[in-house]
Amino acid sequence: MAVAKKESQQVSESQFQWEGKDKSGKIVKGEIRAPGEASASASLRRQGITIIKIKKTRTGGKAITQKELTLFTRQLATMMKSGVPLLQSFDIVGKGHNNPSVSKLLNDIKTDVETGSSLEQAFRKFPLYFDDLFCNLVGAGEAAGILDSLLDRLATYQEKILAIKGKIKSALFYPISIIVVAFVITAVIMIFVIPAFKELFSSFGADLPAPTLVIMAISDFFVSYWWLIFSVVGGGLKAFFYFWKRNKKMQRFMDIVSLKLPIFGEVIRKATIARWTRTLSTMFAAGVPLVEAFDSVAGAAGNALYSEATRQIQLEVSQGSTLVSAMQNTGLFPSMVIQMVSIGEEAGSLDSMLSKVADFYEAEVDDAVEALSSLMEPIIMAVLGVLIGGMVVAMYLPIFKMGQVV
């Protein structure tokens, strides 16, 4: 009950801006988190500050992105390597950030550290932003006294993973945006343009070609039920993404399908292997035992099949199998990856070999995305040409037929 009460109080804490005088009479300003104004004032008085004014601040801001967290990790690593104290580093990064949500998050972490929590414990209170891998590496760095070095390694890891995700998104963005534009253009033609042609053709008094009749029938359906079409498409997409995010079976199904896509599947597979090997390399190099490292690797894999395979590898390795044989048993890793891991195990340089594999597959993803961009453009233009051009030709066929008769 005491723990629950404490958590409830933490959730209801607010941010207060204050101005006052310290023991020497100097004007000082700052921010403090407390359950209420009275609690904030009492805390400041205990620090020897005479309060002049204090007010609650609004902490609204944009959602915190992975890019902002990566930038924070890099800034924190750089300042700690430069000898800036931990709490002062949080102050500098928090006050210099444009997003109030990030400033609030960093201030909360700083407050926890000030009250005696370790940095790992402070990060673990915000699992939405800091996963097990992040917290485990920070904890390993604190225990070994090499926090600055591991933060630097962690920042590099986040930057590379962010770059891979960005490349995958850029590869998918172009065709998706073209499909959306094509749907909108088709809808506009069906609802506004073809009915105008239909009125013109009604005065011809002759039989219309079959393609024209088909297009006009589709147009009639669009005009009558455009609200239903847009509702079904919009609602279907919204429901699809809703269940994709929240249903484990749906996620697993989509992860399997994504790996089997004819063009994008191989790119997604390479990106997943790059992320998998990069994560394991980072954890192992930080001194985290191999079996324990797989907990973080499974969570960072980004694909249900590879997450399940990681759990299987973890079980086999914990029972005495070698990493190479456990990876072979999954059937998900190419022979090149298996061979590199085998060499790394034998030479005692597993983290280095895994890092080289990750570098190789990241470069492969770069090349594949460039090739996709070059390949998709003519394919999409051809599809759009057939779609839009087919409708235009179908509507002009009666005019061509009329010209031949004349």
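Preceding this paragraph is the structure being described.
Procedures and definitions
Residues numbered from 1 in each chain as written. Predicted model: local features only at pLDDT ≥ 70, side-chain atom pairs only at ≥ 80, totals over all residues. Heavy atoms only, no water. Salt bridge = Lys/Arg side-chain N within 4 Å of Asp/Glu carboxyl O. Helix = DSSP H or I, 4+ residues; strand = E, 2+ residues; numbered from the N terminus. Buried < 20%, exposed > 50% of the residue type's maximum accessible area, 1.4 Å probe, protein only. Patch = residues over 30% accessible without salt bridge, like charges linked within 9 Å, V, L, I, M, F, W, Y side chains within 5 Å. Areas by Shrake-Rupley, 256 points an atom, 1.4 Å probe, with all protein chains shown as cover. Phe/Tyr/Trp six-rings, centres within 6.5 Å; stacked < 30°, edge-to-face > 60°.

J.: What exactly am I supposed to notice about the pattern of salt bridges here?
T.: Two side chains carrying opposite charge are able to pair once their charged atoms lie near each other. One pass over the structure, following the stated rule, counts 14 salt bridges. Residues Lys53 and Glu19 are paired through a salt bridge, measuring 3.7 Å at the closest nitrogen-oxygen approach. A residue pair is termed long-range when its members are at least 10 positions apart, and Lys53 in strand S3 (residues 50-56) and Glu19 in strand S1 (residues 14-21) qualify at 34 residues. In this structure, a network of salt bridges that share partners links the residues Arg74, Asp152 and Glu159.

J.: Explain the environment of Ile27 to me, please; I cannot follow it from the model alone.
T.: Note that Ile27 resides in strand S2 (residues 27-34). Note on Ile27: relative accessible area 43%, which makes it partly exposed. It is 82 Å that separates the C-alpha atoms of Ile27 and Leu213, two residues lying 186 residues apart in sequence.

J.: Looking at this structure, how should I read a nonpolar patch on the surface?
T.: On the surface, Leu172, Ile176, Val180, Val184, Val188, Phe192 and Val193 cluster together to form a nonpolar patch covering roughly 590 Å² of accessible area. Position of Phe192 among the secondary structure elements: in helix H8 (residues 147-201). Judged by its relative accessible area of 60%, Phe192 is exposed.

J.: In this structure, what is going on with the packing of aromatic side chains? I would like to understand it.
T.: For any pair of aromatic rings, geometry is given as the distance between the ring centres together with the angle between the planes. Throughout the structure, instances matching the rule amount to 14 aromatic pairs. Where Phe90 meets Phe123, the ring centres are 6.5 Å apart and the plane angle is 45°; that geometry is what we call tilted. Here Phe90, found in helix H4 (residues 86-95), pairs with Phe123, found in helix H6 (residues 119-124); they are 33 residues apart in sequence, far enough to count as distant. Assessed through its relative accessible area of 0%, Phe123 is described here as buried.

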